[in-house]
Amino acid sequence: NEFCDFDENIHFINSFEWSEPCEYLIGLDFGQRNPTCALIGVWTMDNVLYIVDEYYKPALPSVSSREMFDKFEYLFPEGLENKTLKDKRDAQHIIFNIRVIDPSTKNKNRTKIREGEEIPYSVIEEFYDHGWDFEPGINDVASGITRIREYLQLDSNKKAHLYIFKDKCPNLCEEFKNYRYQEFTEIQAKTHNASEDPIKKNDHAVDALRYLIMTRPNSPQKALKPLTRIQKDIQGLLKPKIITNDWDNDG
């Protein structure tokens with residue numbers, strides 16, 4: 001395994017319930033023929049990130065959206081039965097303070113018929129239209145791997161700042177154990193430094209983890225405490241509302 005600070009016996013743990021204040025996050029790596037992976041993260045008051053659940057299945061955004069609401073409904077105190085898409089979108093804003101997705105989903109590489117006219121359309125817009133309001137994550141692979149390693153390291157109390165629920169996230173655990181950098185041939189090895197690029201295969205859950213971890217501070221021991229529910233509500237009120245689906249206007 002390329003995560004040199006990773007120890008399966010330390011970082012893979014059995015799931016448990018907690019009652020302390022925490023912040024929920026969701027990170028998603030989209031796949032249509034490959035699996036779409038959504039990971040649920042819990043950021044605690046002692047600056048530990050627990051990955052507590054996963055959705056892992058190849059599917060269109062419309063299907064993934066519905067199935068993710070079904071799978072993660074237990075996180076919504078008021079439930080989602082008979083809720084409209086707008087109700088669900090409002091609810092996921094309240095539950096998940098962080099909602100990040102592969103930034104390539106902003107690309108308008110598909111089309112949609114609107115008022116009889118074919119218009120460019122993106123995956124991130126399709127998720128929005130089906131109730132999930134994601135923001136593009138940071139897809140810097142090297143930085144993401146570095147930050148994962150930072151969180152795997154044990155602090156002075158012999159405690160890591162990243163744990164994965166092995167009974168809830170089997171696909172992430174399997175990918176994590178088998179994550180590898182690209183290997184050079186014997187001839188290449190004589191003329192190149194060791195590769196810094198991971199093998200891009202069976203890494204959809206690890207990619208989703210990278211998007212999540214990049215929303216956390218560089219040093220977990222110096223991290224800010226998670227927002228309280230009241231602070232999150234205030235932040236939501238102050239956040240500009242989306243009034244258009246024109247995702248090309250980034251600034």
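All residue numbers refer to positions counted from 1 along the written sequence of the respective chain. Reporting of local features is limited, given that this is a predicted model, to residues whose pLDDT is at least 70; pairs of side-chain atoms are given and counted only at 80 or more, and all residues count toward the totals for whole chains, interfaces and linings. To obtain the side-chain values, all non-hydrogen atoms of the structure were included, while hydrogens and water were left out.

Student: Honestly, the nonpolar core in this entry has me stumped. Any pointers?
Tutor: The nonpolar side chains of a soluble globular protein tend to be buried, and buried together. Grouped together as the largest cluster of nonpolar side chains are 32 residues, with contacts concentrated most on Ile26, Met68, Phe96 and Phe134. Breaking this core down by element, the ones donating at least two residues are strand E2 (22–29), strand E3 (36–44), strand E4 (49–57), helix H2 (61–71), helix H3 (85–95), strand E5 (96–101), helix H4 (123–129) and strand E9 (162–165). Secondary structure elements are defined from DSSP: runs of H or I of at least 4 residues count as helices, runs of E of at least 2 residues count as strands, and each element is numbered from the N terminus. Among the elements that make up this core, the one with the highest residue count is E2 (four residues). Only heavy atoms enter the contact rule, under which two residues are in contact if any of them lie within 4.5 Å. Not counting residues up to four positions away in its chain, the partners in contact with Ile26 are Ala38, Leu39, Ile40, Met68, Phe72, Phe96, Ile98, Arg99, Val100, Trp132, Phe134 and Leu212. Put simply, a nonpolar core is a bunch of buried Ala, Val, Leu, Ile, Met, Phe, Trp, Tyr and Cys residues held in one set by side-chain atoms that sit within 4.5 Å of each other. Summary of the burial criterion: residues with accessible area below 20% of their type's maximum are buried, those above 50% are exposed, and those between are partly exposed, where the area comes from a 1.4 Å probe applied to protein chains only. One finds Phe6, Ile51, Cys173 and Phe176 within the second-largest nonpolar core, a separate group that totals 27 residues.

Student: Which parts of the structure should I look at to understand H3?
Tutor: Each α-helix turn comprises 3.6 residues. Residues three or four places apart therefore point the same way. Taken together, the buried positions of H3 are Lys88, Arg89, Ala91, Gln92 and Ile95. Viewed end-on, H3 has its buried residues packed into an arc of 165°, placing them on one side of the element. By definition, the arc is the one covered by directions from the helix axis to the C-beta atoms.

Student: I tried to follow the sheet that holds E9 on my own but got confused; where do I start?
Tutor: Working definition: the strands of a sheet are paired by backbone hydrogen bonds and lie parallel or antiparallel to each other. Taken together, seven strands build an open sheet; the order of strands is E1-E9-E4-E3-E2-E5-E8 and the sheet is mixed. Two strands bound the open sheet, and with one partner strand each, they are strand E1 (12–13) and strand E8 (135–136). Relative to E9, E4 runs parallel, the two sharing three bridges. Of the residues in E9, the one forming a bridge with Ile51 is Ile164. To obtain an axis, a line is fitted to C-alpha atoms, over the contacting stretch when the element is a helix, and the angle between two such axes runs from 0 to 180 degrees between their N-to-C directions. In this fold H2 packs onto E2, E3 and E4, with an angle of close to 135° to the strand it touches most, E4. Strand pairing follows a simple DSSP-based rule, namely that at least 2 bridges must link the two strands.

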